[in-house]
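# A structural walkthrough
Given next are the chains, with one letter for each unit.
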Amino acid sequence: MRLKGKVCVVTAAGQGIGAATARAFAREGATVWATDLDAEKLKGLAGVDGLKTRKLDVLDKAAIGAFAKEVGAADVLFNCAGFVHHGSVLDATDDQWQFGFNLNVRSMFWTIQAFLPAMLAKGGGSIVNMSSAASSVKGAALRFVYGTTKAAVIGLTKSVAVDYVSKGVRCNAICPGTVQTPSLDERIAGLGGGADARQFFLQRQPTGRFGSAEEIAALAVYLGSDESSFTTGTVNVIDGGWSV
């Protein structure tokens, strides 16, 4: 069990990659705090050994601070919360730009700021941030707001990594390609559903298939575990060859 005895916090754990990672952390022996804005979605994690659920709005700084005090010293923080906006620079509104940066970037700033002091006091920890291949890794069509925010996540990750590398805290980013999740299903539906909408996403995957939430979770387990103790500030692309 690669995470035995560790305390792990996961945001956006109600479905998709967040839920798969919360389960994977628990299977590896961790005590897991699975959080989500939607408490109903967290019910799907009921009965998983070693897993606790909490409703948490990552856009509420005070709530994050109170939750961090409740958890105490976490060993692993997995920042998974995010939203995908569709459209080009000419389509984007000020509200979409602000919401995208608030959820996709500022929430990570706030959670890291809340949990990092206890990690430092404990002597170490691992922070894993969800970025995307659609970021500074590569441009993606009609992902202007999303790609910009996810590029910012990479910059945030490297900044935290370099500031605390000598203090035992590691910070790494995961950059997936297109992954089969409820979020993807919503985006397909937003394009009208059907085979053509699905093909819009599938055609950019050279492997001819979408990734699975469990494949991303396996990488998160590695980055949270002591097996990756020599790894920090990295951009871990797991995109089925999309960016090759």
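Attention here is on the structure that accompanies the text. (Residues numbered from 1 in each chain as written. Predicted model: local features only at pLDDT ≥ 70, side-chain atom pairs only at ≥ 80, totals over all residues. Heavy atoms only, no water.)

### With respect to the overall build of the protein chain
Selection criterion: We count a stretch as a helix when DSSP gives it H or I for four or more residues in a row; a strand needs E for two or more, and each element gets its number in order from the N terminus. Note that the radius of gyration is over C-alpha atoms, with the globule rule given as 2.2 Å times the number of residues to the power 0.38. Here the term buried applies to any residue with accessible area under 20% of the maximum for its type, exposed to any over 50%, and partly exposed to those in between, with areas from a 1.4 Å probe on protein chains only. With residues, only the protein chains shown are counted as cover, and all accessible areas are computed by Shrake-Rupley using a 1.4 Å probe. His residues and chain termini do not enter the charge count, which takes Lys and Arg as positive and Asp and Glu as negative. In plain terms, the charge of a residue is placed at NZ if it is Lys, CZ if Arg, CG if Asp and CD if Glu.
In terms of regular secondary structure, the protein chain is built from 8 helices and 9 strands. Since a compact globule built from 244 residues should have a radius of gyration of about 18 Å, the 17 Å found for the protein chain is in line with a globular shape. For the protein chain, the spread of C-alpha atoms along the principal axes amounts to about 50 × 40 × 35 Å. Looking at the protein chain as a whole, 49% of its 244 residues qualify as buried. Summed over its atoms, the accessible surface of the protein chain is roughly 10800 Å², and 55% of this surface lies on carbon and sulfur atoms. In the protein chain, 24 side chains carry a positive charge and 21 a negative one; their mean positions are 5 Å apart.

### Considerations on the packing of helix H3 (residues 61-71) against helix H4 (residues 94-122)
The cut-off we apply is this: A fitted line through C-alpha atoms serves as each axis, taken over the contacting stretch for helices, and the angle formed by two N-to-C directions is quoted from 0 to 180°. Small angles under 35 degrees read as roughly parallel and large ones over 145 as roughly antiparallel, with 65 to 115 read as roughly perpendicular and the rest as oblique. Working rule for handedness: look at the near helix, and if it is turned counterclockwise from the far one by less than a right angle, call the crossing left-handed; if clockwise, right-handed. By definition, residues are in contact when any of their heavy atoms lie within 4.5 Å. Note on residue categories: nonpolar means Ala, Val, Leu, Ile, Met, Phe, Trp, Tyr, Cys or Pro, charged means Asp, Glu, Lys or Arg, and polar means any other residue, Gly included.
With their axes 9 Å apart at the nearest point, H3 and H4 run at an angle of 30 degrees to one another. With respect to H4, the axis of H3 lies roughly parallel. Between H3 and H4 lies a crossing whose hand is right-handed. Touching Lys61, Ile64, Gly65, Phe67, Ala68 and Val71 of H3 are Trp110, Thr111, Gln113, Ala114 and Phe115, all from H4. Along the lines of polarity and charge, the residues of the contact of H3 with H4 split into 7 nonpolar, 3 polar and 1 charged.

### A closer look at the layout of surface pockets
Put simply, the test is: Cavity and pocket criteria rest on a 1 Å grid covering protein atoms alone: a 1.4 Å probe that fits but cannot get out defines a cavity, protein on both sides within 12 Å along at least 5 of 7 lines defines an open pocket, and an atom within 4 Å of a point defines a lining residue. Grid points are joined across faces, edges and corners, and a volume is the space filled by probe spheres set on the points.
Taken as a whole, the largest pocket holds about 1100 Å³ of empty space. Gln15, Gly82, Phe83, Val84 and Ser183 are the residues nearest the centre of the largest pocket, which is lined by 44 residues in total. Those elements that provide at least two residues to the lining of the largest pocket are helix H1 (16-27), strand S2 (31-36), H4, helix H5 (144-164) and helix H6 (182-190). Tallying contributions element by element places H6 first for the lining of the largest pocket, with 4 residues. Of the residues that constitute the lining of the largest pocket, the class distribution is 21 nonpolar, 14 polar and 9 charged. Together, 15 residues line the second largest pocket, and Gly124, Gly125, Ser126, Gly168 and Arg170 are the ones closest to its centre. Counting only elements with at least two residues in the lining of the second largest pocket, the list comes to strand S5 (125-130) and strand S6 (169-176). Taken together, the residues of the lining of the second largest pocket sort by class into 3 nonpolar, 8 polar and 4 charged.

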